[in-house]
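# Structure at a glance
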Amino acid sequence: MTSRASALLGAATLALVATPAAAQFGGTCDRAMLGDVAGKYVRAQTEGMPLYVPMGNWVTYHENGKLSTMSQGLLSTPLKISWHRVLLDETACRVFLQMTSHEGEKPYVIAVQFDARGGNASGFKDITTTDGDWLFDASYTYEYARREDWPVIPENRRNTREELIAAADAYLDLFSDKTVEVPWGTPCRRLEGSIYTGTGAADDSCNVGVPEGVPMIERQYVVDETIGAVGVFLLMGGNKIPDSHLFRIEDGKIRNIHTVTNCLGNENCGFGPFADMLARNPGMRPEFKD
């Protein structure tokens, strides 16, 4: 970002913060508007220019669980976005994005949530991952994610917002309560960082185990009933690791899970080098299936 653009952004942010918070709740919310704002966010990340995003009257920007500024955050770094998925939540007037950038000098996988109303965005929360974060390899994340098909679900088959959140919560609750019944679907494919349970088989499963005694707290949801999807931001474990879980749910059953986890500077979240894990378990990386 140029010094002039940075100065403009700083001035704009100060002006917005000085505006009463209640003003952010005005305006309308519909799918077309949410999609437009989501597209502008992707453009802003592509060009490293946060001001491409129309902003609301009360703007905060958190990156990896910490209050930051757009001028200092990753949003001010131009990235070639190679793949993204978007959730549009018309009830809460919120947007979720998961994006990969695997072709640049420094690769990233990013998850984003923000509020939007009346064509403006506010309350930005980003989880950014790169080399050294949990099971990170943006090239593999890109290759697996882009091959998945998450079509629109016919209206007569859609789960309600409450049902979608309940399915996501059941999976997340399993980390601290092994008695929880998770609505597993078959096939189900879990993309955890860059490892994948999708082999193309009819019995692919996401029920491959999770850690025990790990609280998944401060959950924040973006729900898109049209594609049966829920994006959940949360803090994981005692170290409060910033984490994103994205679910695709069909007929009440979980069919896809994606995770994006920032390790707060602790290589592979303290589980040893990722390369060593792959060497011991090569099956974590199945061949790509078109």
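Here the structure is shown first, and the text comes after it.
In short, a report on the structure. No experiment lies behind these values; they were computed from the predicted model shown.

### A few points about the state of the cysteines
What the rule picks out here adds up to three disulfides. Here Cys188 connects covalently by a disulfide to Cys206, the sulfurs 2.0 Å from one another. Every disulfide takes its handedness from the sign of the S-S torsion; for Cys188 and Cys206 that torsion is -90°, giving left-handed. Remark: Cys206 occurs in the loop between strand 8 (195-196) and strand 9 (216-224) and Cys188 occurs in strand 7 (residues 184-192); sequence separation between them is 18 residues.

### Concerning the sheet that holds strand 7
Taken together, the six strands give an open sheet; going across it, the order is 8-7-12-11-10-9, and neighbouring strands pair in mixed fashion. Either end of the sheet is taken by a strand with one partner, and the two such strands are strand 8 and strand 9. Examined bridge by bridge, strand 7 and strand 8 share two bridges and lie antiparallel to one another. Along strand 8, the bridge assignment pairs Glu192 with Ile195. With respect to the sheet, helix 4 (residues 161-173) is in contact with strand 7, strand 9, strand 10 (229-236), strand 11 (241-250) and strand 12 (253-261), its orientation differing from that of strand 9 by roughly 145°.

### So, the side chain of Asn64
Residue position: Asn64 is located in the loop between strand 1 (61-63) and strand 2 (66-68). Looking at Asn64, its side chain comes within polar contact range of the main-chain nitrogen of Thr128, at 2.9 Å. Of note is the side chain of Asn64, whose polar atom sits 3.5 Å from the side chain of Asn262. Contact partners of Asn64, with chain neighbours within four places excluded, come to Asp126, Ile127, Thr128, Pro242, Asn262 and Leu264.

### As for the nonpolar core
With 33 residues, the main nonpolar core has Tyr171, Phe247 and Ile254 as its most contacted residues. Those elements that provide at least two residues to this core are helix 4, strand 9, strand 10, strand 11, strand 12 and helix 5 (274-280). It is helix 4 that provides the largest number of residues to this core, a total of six residues. Not counting the four nearest positions on each side in its chain, Phe247 is found in contact with Trp150, Ala168, Tyr171, Leu172, Gly228, Ala229, Val230, Val232, Ile254, Asn256 and Ile257. Counting residues in each nonpolar core, the second largest holds 28 residues, with Val37, Ala38, Val95 and Val112 among its members.

### Brief notes about helix 3 (residues 138-146)
Turning to helix 3, its buried residues are Ala138, Thr141, Tyr142, Glu143, Tyr144 and Ala145. Where helix 3 is buried, its residues contact strand 3 (83-89), strand 4 (94-101), strand 5 (108-117), strand 7, strand 8 and strand 12. Its side-chain oxygen at 3.1 Å from the backbone nitrogen of Ser139, Asp137 defines the N-terminal cap of helix 3.

### A closer look at the pattern of salt bridges
Under the definition given, this model contains 16 salt bridges. A salt bridge links Arg219 to Asp173; its shortest N-O distance comes to 2.8 Å. Of the two residues, Arg219 sits in strand 9 while Asp173 sits in helix 4, which places them 46 residues apart along the sequence. For Arg219, a relative accessible area of 22% puts it in the partly exposed group.

### A few points about the packing of aromatic side chains
In this structure the tally under the stated criterion is 12 aromatic pairs. Here the aromatic rings of Tyr140 and Tyr144 are separated by 6.1 Å at their centres, their planes lie at 45°, and the arrangement is tilted. Within this pair, Tyr140 and its partner Tyr144 are both found in helix 3, separated by four residues, close to a single helical turn. Chaining the aromatic ring pairs together yields one cluster made of Tyr140, Tyr144, Tyr196 and Phe288. The ring centre of Tyr52 lies 3.8 Å from the NZ or CZ of Arg43, which sits over that ring.

The rules we used
- Residues numbered from 1 in each chain as written.
- Predicted model: local features only at pLDDT ≥ 70, side-chain atom pairs only at ≥ 80, totals over all residues.
- Heavy atoms only, no water.
- Disulfide = S-S within 2.5 Å.
- Helix = DSSP H or I, 4+ residues; strand = E, 2+ residues; numbered from the N terminus.
- Pairing = 2+ DSSP bridges.
- Contact = heavy atoms within 4.5 Å.
- Axes fitted to C-alpha atoms, helices over the stretch in contact; angles between N-to-C directions.
- Polar contact = N/O pair within 3.5 Å; in protein donor to acceptor, adjacent residues only side chain to side chain.
- Core = buried A, V, L, I, M, F, W, Y, C linked by side-chain atoms within 4.5 Å.
- Buried < 20%, exposed > 50% of the residue type's maximum accessible area, 1.4 Å probe, protein only.
- Salt bridge = Lys/Arg side-chain N within 4 Å of Asp/Glu carboxyl O.
- Phe/Tyr/Trp six-rings, centres within 6.5 Å; stacked < 30°, edge-to-face > 60°.
- Lys NZ or Arg CZ within 6 Å of the ring centre and 35° of its normal.

That's the geometry; what it means functionally is another story.
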